[in-house]
Every structure is written in C-alpha cells, then in structure tokens.
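Results of the structural survey
Listed below are the residues making up each chain.
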Amino acid sequence: MLMRPKTAEKVAQTIIWSVSILVVLLLFFIVSFILIKGVPTLTWDFLTQNPTQSGRSGGILSTIVSTLMVTLVAILVATPFGVGTAFYLTEFTYESKVTKIIRFSAESLAAIPSIVYGLFGFIFFVIYLKLGWSILSGGLTMAVMILPTIIRTSEEAILSVPRAYREVSFSLGGNKWQTITRAVLPSAFPGITAGIILGIGRCVAETAAVILTAGSSLHMPESLFDPSRTMAVHFYILAREGISMERAYGTATLLIIIILGINLTANMLVNRFIAKTR
Amino acid sequence: MNLKKDKMLRLGFFLVALSTLSALAIITIFIFVEGVPLINKVGLVKFIFGMKWAPSQGLYGIFPMIVGTVTVTFGAALIGVPVALCVSIFLTEFAPKKIRTFMRSAIQLLAGIPSVVYGFWGLTFIVPFIRDYLGGPGLSILAGSLILAIMILPTIISITEVSLLSLPSLYKQGSLALGATHWQTIYHVLIPSAKSGIMAAIILGIGRAIGETMAVIMVLGNAVALPNSILDPARTLTTNIGIEMGYASGAHQQALFATGIVLLVMIMMLNSIAQFIVRKR
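Here's what I pulled together on the structure shown here. Just so it is clear, the structure is predicted and the values come from calculations on it, not from any experiment. (Residues numbered from 1 in each chain as written. Chains lettered and ligands numbered in written order. Predicted model: local features only at pLDDT ≥ 70, side-chain atom pairs only at ≥ 80, totals over all residues. Heavy atoms only, no water.)

In this section: the overall build of chain A. Each helix and strand in chain A was counted, giving 11 helices and 2 strands. Helices and strands in chain A line up, N terminus first, as α-α-β-β-α-α-α-α-α-α-α-α-α. Each principal axis of the C-alpha atoms in chain A carries an extent, and together these give about 65 × 65 × 35 Å. Across the 278 residues in chain A, those meeting the buried criterion constitute 57%. Look at the contacts in chain A between residues 6 or more apart in sequence, and 73% of them connect residues 24 or more apart. Roughly 12600 Å² of accessible area belongs to chain A as shown, and the carbon and sulfur atoms make up 68% of that amount. (Helix = DSSP H or I, 4+ residues; strand = E, 2+ residues; numbered from the N terminus. Buried < 20%, exposed > 50% of the residue type's maximum accessible area, 1.4 Å probe, protein only. Contact = heavy atoms within 4.5 Å. Areas by Shrake-Rupley, 256 points an atom, 1.4 Å probe, with all protein chains shown as cover.)

The terminal C-alpha atoms of helix H3 (residues 63–94) of chain B, which comprises 32 residues, lie 45 Å apart, in line with the 46 Å expected from a rise of 1.5 Å per residue. Gly-80 of chain B marks where H3 of chain B bends most, by close to 30°; the proline Pro-82 of chain B follows one to four residues later. (Expected span 1.5 Å × (residues − 1). Bend = angle between axes of the 7 residues up to and from the residue.)

Below, the discussion takes up a nonpolar patch on the surface. All names here are of chain B. Together, Phe-32, Val-36, Val-265 and Met-269 give the surface a local cluster of nonpolar side chains, amounting to about 310 Å² of exposed area. Counting only elements with at least two residues in the nonpolar patch, the list comes to helix H1 (2–42) and helix H12 (250–280). The residue Phe-32 is located in helix H1 in this model. Taking the relative accessible area as the measure of exposure, Phe-32 reaches 30% and is therefore partly exposed. (Patch = residues over 30% accessible without salt bridge, like charges linked within 9 Å, V, L, I, M, F, W, Y side chains within 5 Å. Salt bridge = Lys/Arg side-chain N within 4 Å of Asp/Glu carboxyl O.)

This paragraph deals with the environment of Ile-241 of chain B. Counting through the fold element by element, Ile-241 of chain B comes out in helix H11 (residues 237–244). In this structure, the C-alpha to C-alpha distance between Ile-241 of chain B and Ala-258 of chain B, residues 17 residues apart in sequence, is 9.7 Å. Contact partners of Ile-241 of chain B, with chain neighbours within four places excluded, come to Ile-115 and Leu-119 of chain A together with Leu-256, Thr-259, Gly-260 and Leu-263 of chain B.

Turning our attention to the side chain of Thr-67 of chain A. All names here are of chain A. Along the chain, Thr-67 falls in helix H3 (residues 61–92). From its side chain, Thr-67 meets the backbone oxygen of Thr-63 in a polar contact 2.6 Å long. Look past the residues within four positions of Thr-67 in its chain and what remains in contact with it is Val-204, Thr-230 and Met-231. (Polar contact = N/O pair within 3.5 Å; in protein donor to acceptor, adjacent residues only side chain to side chain.)

On to the packing of aromatic side chains, then. A full pass over the atoms with the stated rule returns 23 aromatic pairs over all chains. Taking 4.7 Å as the distance between ring centres and 80° as the angle between the ring planes, the aromatic pair formed by Trp-17 of chain A and Phe-90 of chain B counts as edge-to-face. Linking Trp-17 of chain A in helix H1 (residues 5–38) with Phe-90 of chain B in helix H3, this pair reaches from one chain into another. For Phe-90 of chain B, a relative accessible area of 1% corresponds to the buried category. Ring geometry for Tyr-88 of chain A versus Phe-14 of chain B: centroids 5.4 Å apart, planes at 55°, classification tilted. With one member in each of two chains, Tyr-88 of chain A in helix H3 and Phe-14 of chain B in helix H1 form a pair that bridges those chains. By relative accessible area, which is 4% here, Tyr-88 of chain A ends up buried. The exposure class assigned to Phe-14 of chain B is partly exposed, which follows from its relative accessible area of 22%. Here a set of aromatic residues connected by ring pairs shows up, and it is made of Phe-29, Phe-33, Phe-235 and Tyr-249 of chain A together with Phe-120, Trp-121 and Phe-125 of chain B. (Phe/Tyr/Trp six-rings, centres within 6.5 Å; stacked < 30°, edge-to-face > 60°.)

Counting 177 residues, the largest nonpolar core has Leu-109, Ile-112 and Phe-235 of chain A together with Tyr-118 of chain B as its most contacted members. The element that contributes the greatest number of residues to this core is H12 of chain B, accounting for 14 residues. Here this core spans two domains, and each of domain 1 (5–41) and domain 2 (44–277) of chain A adds at least three residues to it. If sequence neighbours within four positions are ignored, Phe-235 of chain A has contacts with Ala-248, Thr-251, Ala-252 and Leu-255 of chain A together with Val-116, Val-117 and Phe-120 of chain B. Within the second largest apolar cluster, 5 residues are counted, among which are Ala-194, Ile-197, Ala-266 and Leu-269 of chain A. (Core = buried A, V, L, I, M, F, W, Y, C linked by side-chain atoms within 4.5 Å. Domains from an automatic or database assignment.)

Here the focus is the pattern of salt bridges. This model, assessed by the stated rule, comprises 9 salt bridges over all chains. Arg-163 of chain A is the salt-bridge partner of Glu-167 of chain A, the closest N and O atoms lying 3.2 Å from each other. Pair noted here: Glu-167 of chain A and Arg-163 of chain A are both in helix H7 (residues 163–171), with a separation of 4 residues, about one helical turn. The exposed category is assigned to Arg-163 of chain A, whose relative accessible area is 63%. Taking the shortest distance from any N to any O, the salt bridge between Glu-161 of chain B and Arg-104 of chain B comes out at 2.4 Å.

This paragraph deals with the interface of chain B and chain A. With 72 residues of chain B at the contact, the number on the chain A side is 76 residues. Summing the contributions of chain B and of chain A, the shared interface buries around 6900 Å²; its carbon and sulfur component is 82%. Looking at the side of chain B facing chain A, the largest losses of area belong to Phe-13, Phe-120 and Trp-121 of chain B, adding up to 10% of the total buried there. Summed over the shared surface of chain B and chain A, the result is 0 salt bridges. Inspection of the region where chain B meets chain A yields 7 residue pairs in polar contact (both at pLDDT 80 or more). When its residues are assigned to classes, the side of chain B that touches chain A shows 47 nonpolar, 21 polar and 4 charged. (Buried area = accessible area lost by both parts, 1.4 Å probe. Nonpolar A, V, L, I, M, F, W, Y, C, P; charged D, E, K, R; others polar.)

What follows is the structure, given as structure tokens:
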C-alpha cells in the first residue's frame, strides 16, 4: 500500500466502474450481434411454417412446438416435487440431519453438468425405461435438472411469508393442510411462480441434455413418445453444420426474446411479492 | 384426529422431499453402472493417465482431456473472477439504485442466454479475432477460457453479492467512523469478512466452467492431444461426451459414461468443498 489512500480510492473506483460498464457493454454487444442479424428473419412465415430440407428452408414451427412440449412435461413433473420439497423443508421440520441431506442433494443436483444429465437421461429414460428419444424422455430429464431451481425459489418465497399468517390460521382452528393451502400458499404464490418461470427459462435454453434425450428429429411431434428437436438444439445444428446461418440467427433471436420475456415476468412477480409482504 | 391427519401429511411431504435424494442416487448409480465396467477393463490408472484416445483401436486414455478441462477452467477463472468481484463490489457499494436494478437484470439475462448462443458468438467473433491477431487456428484454449469467463460471471456475482450484502452494516460504519476511506473499508473490512462466501462463489463458478459443454464444443477445436500453448485447440471432458455420444456404441459408449464419472466426481468434490465453506460460517 504505497499509494496514498485518496489516490487508491480514485484508482479503485475508476477500475470498478469501468469493468462494470465493460461487462454491460459486452452483454449488449453479444445480444445485438444476434438480434441485428436475426430480427429480419423473424417473419410470420418463419414462426408458422415447418422446417424443410433439414432446416435449410421453411420456418421453425415444429421446433417451437417441441420446445413447448418438453418444457410443459418438465414443469408439470418438477413443480409438485419442487414445491412439496420446499414446503417440507420450511413447514414440517426443524433443521436436522434429514434436512441437511435433502439440501445437500438439491445443491448437488444444481451442480451436476447438463451433459451428465444428458448421459443419465439417455441411459435411464431412453434405454432403461424404453421411452426412446422422445419428448417424454427430454421433459423428464429437464424436470430433474430444474428441480433445485424450483426448490430454492419456493423455499425463499415460503420463508418470507410472515409468521403471523400461520398463527392466525392455527388460532382459528385451521389444521396444517388448511394453513398451508389457504394461508401460506396464496401469499407465497408469486414467488413460487417466479421460480417456475425461471425453470421454464432453463428448459428453453438447454441443449446438451435435450439433444441426448429428446433427439433431433425435425418432424412435428404428435405425441409425447415422438422424438423431437427443440429450438436451442435446432440453433446448434444449424450453426454448427452451417445449414442456414440466416435461420440460425432467427432461431437465436427468438430464444433471446423468450429468455428476456421470462426474466422480466419473473422479476415483476418477485417485486410484486416483495411489495405485498412488506 | 387432527394430529393423526397432520402426521400423515408430514409423511407425505417427507416422501416428496426424498425425490431430490432419490434423483441424485439414481443419476449416480446409472452413470457408474454404465461406466465402471470399462474403467475396470482398461484399468483406472490407464484410463485417467492414458495419453491416447482412439475408440476405434480400443484405446481409452482421457489425460489430454483432463488437462484440457483444467487449463480452460483455470483460464476462465483467471479472467472471470477479478471481473466478477469488481461487478459485485460495484453493485453493493458504488452503483446508484437505478443503475443497480438495471445491472441486475443485465446479469440475469447473461445467465439466461443459451450456452449455444455464447458458443456461436465465440465462433464468429472471438475465434477469428484470435486467429488473425494472435496466430494459431483460433479454435483454442484461449477462446474457450474467454467464453467461459463470461459465462461464469452471473454465478460468481450473485453469490458474492449476497455474501457482501449479508454483512452487518456496523462493519462498514465502524470502519468509516475510524476515518478509513471507502475503498480501505471495502478492501480491509468488507472483503475479508465476506471471504468464505466469496470463496464458495468462486468454487461454484469453477464448477460451472468445468461442466459447460455446448459453448466450449464450438470454440475449442476439440483435438485430442496435449496442448502446448493457450493458442492450441484442446478437448475437455464434457466436449468429449458431447461430440461422441451422437454415434458411439458398445465399449465406446461405456467409455463416455466413464468420462462422465470422472466429471461427476470432480463436480461433487468441488460442490462439497463449497458447501463446507458456506456451512462452516
């Protein structure tokens, strides 16, 4: 510390401000780089027509439908388990060995790389349970993957519901189930929904785990047992194999717009939730 | 009557909560059952320290990929950690409220962008840049590290921010009252007090870098050889699985699951260390 404190203060402030501004500029650069080339491709036809010639021409409708279906399966499966686990951890037990193990499992699930989820989903759902490359295999794999996200956000939402709500419910003769469903759940609901929405975001963005479990068929899926190709996988294949850069940019643009919309919705819900509980 | 009902309810929720543990167990068991036979056949030492990966000749050595993973991750941490720390300090200490809110959403977007998009951006922007100005094929460890450095920012920033925010405000007030400057307070009081949270943030960020696949596949060149410089292409454990799972079968496929075991063990160790640091506080 040879620098005079006041000089050090100036230097540190300058570095921290400039690095932070650079990070934001970098994000803008990445996003606009995709959007500038992709937005012109995003026409009504592009969104409503099926891809033809393995994506060289046509639109991306079947990949949009596949993404929706995989995400829907994942959310429908992960939500009850995630929210249930969060309720168990917050409402039914004190901190103990058991909660420690459950928390450790959730944190570990959050840390496992997506490609390992892909391996697992492939050997377990596709091969062992004989579901084949299908929407169901992809959706179930994603369900396990987003479970920790839903648990963590639901837990936070439940914990921030004031204690008094529960006490009032119990004092009025409500039992545990009534207290949870009628006193705690309604006020924790926006927070829980925000967690589910973030889970949707992860499903939409995921590539490695989905390509190994849902496959990469471009056909319009007709049932949960059909193989399919999600938008992120489609983008990857288009870009990597150089099939159609124009359509790759278009797909990426739609992905970024969806993620942006998801983040904004989740933030709005969380803010409303905070405003309500304070 | 009510008490009995509550007990049943509790049991129900307990069973639901066991889903995390069962999922973790099933994932581990299935990956190990698929991969261990091959490791036994090749020999653990030969598998991990083997220099040659040639599935068509039955050679399964993943040492070059371990080196690839470690160097790319180290590079990412070297670039990403200081940047992330600056941004976290900016968010908690310097940013005016409006800028802070805006910047949090920006970082959230950074976390949400699909990894393939980062890879594509790297491929069309960073890779040619390296090739033209620094030499080599462009597809390189440096390109991988740069992309990963950006991708681990949100993880490190959000955890560091939380641990800085959770410090008692008395620490800061006390230091300022003693006449320390704002930066002296940050550097000598706040950062040391949040040390364990910051360490955990860095470890989890490193875990993300190790586990990232799709972005790295697109910019790393994927050559299975020991790299000599950061401008050389390389292959990581994750990309090895990502590239070859598409067409592998038999022993080759088992070898990819065995690669997954090594990856899983590395991640679990890092994760346990991070959780240990956080809990110890």
